[in-house]
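# Commentary on secondary and tertiary structure
The residues making up each chain are set out below.
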Amino acid sequence: MHRHHRPPDLSALAPYEGRTAPPRTVRLHTGGTWRDVPLHRREDLPPGRTVTGPAIITENSATTVVDDGWRAVTTQDGHLLLERTTVTRSSDLDTEADPVLLEVFNNLFMSIAEQMGARLESTAQSVNIKERLDFSCALFDPDGNLVANAPHIPVHLGSMGTSVKEVIRRRGPAMRPGDTYAVNDPYHGGTHLPDVTVITPVFDTRGDHDTGSDPRVLFHVASRGHHAEIGGIAPGSMPADSRTIDEEGVLLDNWLLAENGRLRERETLRLLTEARHPSRNPATNLADLRAQIAANQKGVDEVTRMIEDFGLDVVQAYMRHVQDNAEEAVRRVIDALDDGEYAYETDAGAVIRVRVRVDRRNRSATIDFTGTSAQQATNFNAPYAVVNAAVLYVFRTLVEDDIPLNDGCLRPLRIIVPRGSLLAPEPPAAVVAGNVETSQAITGALYAALGVQAEGSGTMNNVTFGNARHQYYETVASGSGAGDGFPGASVVQTHMTNSRLTDPEILEWRLPVRLDEFAVRQGSGGAGEWRGGDGAVRRIRFLEPMTVSILSQHRRVPPYGMAGGAPGALGVNRVERADGTVAELDGSDSVDVGPGDVLVIETPGGGGYGPPPTTPIEQEK
């Protein structure tokens, strides 16, 4: 059912006083010159009055400039409605970079991705996407380079471009208006199987291309959602013990999801249900895929509107300008960096070794992961797209300017990753933990090499549980790391994750569980001149039999402190049985639970920065 809401009645806030005084004349700089334009008082404008630009309308709390080619109409409800009437010479924008327009387009491109996200949130069915907001939306240029994104999940945003470029490489001229593609295969553009990327090309529909020629692709829009069930050997599709990629679920490799505007529902359902380890909840998969298609269509609509408003040449020019601006912002960061290196040990004993080498002459840097451990027999292997995402995220966080995260940030950076390593595995290696856990370790290694801040827990604390009827996934917040001049924050999602936890009421309504406790784990942050943030304690009671899978780190190696700061406390996982016994769990583990059993997750604290205070007075500070 569609509900049509009227706008609020504002007529009482600025009532028409029943008189129409002639407007004054003031000077306004518009269209590149000074002009004499009318100055209207809002109170003097009766309902239905039209003011044609250029003009100025003033009231007690606002001033509205009606530019050339626009008009303002006062409505019966007291609103002032601005409408564009013509595209004038003054609105025919230049393609050269203008600082004001650069800021406008920075926000305009990001706004498109934000509107896509709002539609995805409102139309998705799964708890994971609708409530936890485990999704991301972004806008890409015709070559698949990231232009702008909404502030969603960092590990998604820096890696989605790989999926887009893979579809472009393999589809190329075969793309047609109305087509939409789905990708989750980590060896062909994806990261791990639960993250399904839906990609829609935006075509030039103006009809001014040569007769008979194929329509041009102007942009791509994409949405990535974490599907809490995509098959595999464990409910929730985040198994702790997978050893090959096919044990982790259903692969969507360059899958034609919609053709000529029609969802290929029957074909997609067959793909989801006939795999070796099929999805346990294909109906929800299809519902969320429809929501992702709807989100992409919102992106297509908004890009089309933007082109209509500003002109294709201006939009394409600023598509390049925002990336050039991001590139220069990162080069300014590199100007202030020094060489550094770090060897980051994981709980399993694997090492991520990174060297950052700064080339001041060329204002560039090389990020070299040579020496990193070989790919593992576990599922902690991270595809190259994840490395790309971590590097992009770290260097974007070093930029103080308010710019969109985009591929311009990567232009000054050369990334070296040895093939067959933990960070560039060969198929059919398992990768489900690489996206969520190894991405955090890469980030921690980079911050350590750059000397920026202590480790911010270095894990997403992934918890998945389910059975044949229910599947659920969440990441549990930890403490963030302290830095020079600032303490860590307690119980926050750090670095490559930016999802939220499901509200307790929704969790208990949608799933047969009870949330017994969610609290700050007091004292778990590392000591230092600036303390690390505290982790969390989370206790989930099960009401029916389920299988629980946990993927987490820093249960053996504590999150590092920096500059003399103490490390954060180790995390702890366990199950407190209904019969009073306790089962201690490893960082990556799987366990069956029954009614009355309680899963307890104690997440790590962040590392401290600087030597800890030595006197009580200093400690109070």
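Scroll up to find the structure.
A few points on the structure. Remember, it's a predicted structure, so these values are computed and weren't measured experimentally.

The sheet built from 7 strands is open, its strands ordered S9-S8-S12-S11-S10-S13-S14 with antiparallel pairing. Two strands in the sheet have a free side with no partner beyond their single neighbour: strand S9 (146–149) and strand S14 (262–263). Taken together, the 6 bridges between strand S8 (residues 135–140) and strand S12 (residues 217–226) define a ladder with antiparallel strand orientation. The residue of S12 that forms the bridge with Ala138 is Ala222. Across the face of the sheet, helix H1 (residues 99–123) comes into contact with S8, S9 and S12 while running at roughly 145° to S8. In the packing of helix H4 (residues 160–171) onto the sheet, the strands contacted are S8, strand S10 (180–183), strand S11 (195–203), S12 and strand S13 (255–259), and the crossing angle to S12 comes to about 130°.

This next bit is on the pattern of salt bridges. Under the defined criterion, the tally for this structure stands at 38 salt bridges. When the shortest N-O distance is used, the salt bridge between Asp253 and Arg170 registers 2.6 Å. One end of the pair, Asp253, is in the loop between S12 and S13; the other, Arg170, is in helix H4, and 83 residues separate them in sequence. Here Glu576 and Arg574 are joined by a salt bridge, their closest N and O atoms 3.2 Å apart. What makes Glu576 partly exposed here is its relative accessible area of 21%. By relative accessible area, Arg574 is classed as buried at 16%.

Before going further, it helps to spend a moment on the side chain of Asn406. Looking at the secondary structure, you find Asn406 in the loop between helix H8 (384–397) and strand S18 (413–416). Side-chain polar atoms of Asn406 contact the backbone oxygen of Val147, separated by 3.3 Å. In contact with Asn406, not counting residues within four places along its chain, are Leu146, Val147, Ala148, Val322, Gln323, Ala326 and Leu392.

So, about the packing of aromatic side chains. How two aromatic rings sit relative to each other is given by the distance of their centres and the angle of their planes. Per the stated rule, a full pass over the model turns up 9 aromatic pairs. Taken together, a centroid distance of 6.5 Å and an interplanar angle of 50° make the contact between Phe109 and Phe219 tilted. With Phe109 in helix H1 and Phe219 in strand S12, this pair connects stretches of sequence that are 110 residues apart. Residue classification places Phe109 among the buried residues on the basis of a relative accessible area of 0%. Measuring from centroid to centroid gives 6.4 Å for Tyr344 and Tyr560, while their planes differ by 80°, and the two rings are edge-to-face. Placement of the pair is Tyr344 in strand S15 (residues 340–345) and Tyr560 in the loop between strand S23 (546–551) and strand S24 (572–576), with a sequence separation of 216 residues. Linked through ring pairs, Phe105, Phe109, Phe219, Phe310 and Tyr318 together constitute an aromatic cluster. The cationic tip of Arg264 hangs over the ring face of Trp255; the distance from NZ or CZ to the ring centre is 5.0 Å. Sitting over the ring of Phe518, Arg538 keeps its end group 4.8 Å from the ring centre.

The rules behind each value
- Residues numbered from 1 in each chain as written.
- Predicted model: local features only at pLDDT ≥ 70, side-chain atom pairs only at ≥ 80, totals over all residues.
- Heavy atoms only, no water.
- Pairing = 2+ DSSP bridges.
- Helix = DSSP H or I, 4+ residues; strand = E, 2+ residues; numbered from the N terminus.
- Contact = heavy atoms within 4.5 Å.
- Axes fitted to C-alpha atoms, helices over the stretch in contact; angles between N-to-C directions.
- Salt bridge = Lys/Arg side-chain N within 4 Å of Asp/Glu carboxyl O.
- Buried < 20%, exposed > 50% of the residue type's maximum accessible area, 1.4 Å probe, protein only.
- Polar contact = N/O pair within 3.5 Å; in protein donor to acceptor, adjacent residues only side chain to side chain.
- Phe/Tyr/Trp six-rings, centres within 6.5 Å; stacked < 30°, edge-to-face > 60°.
- Lys NZ or Arg CZ within 6 Å of the ring centre and 35° of its normal.

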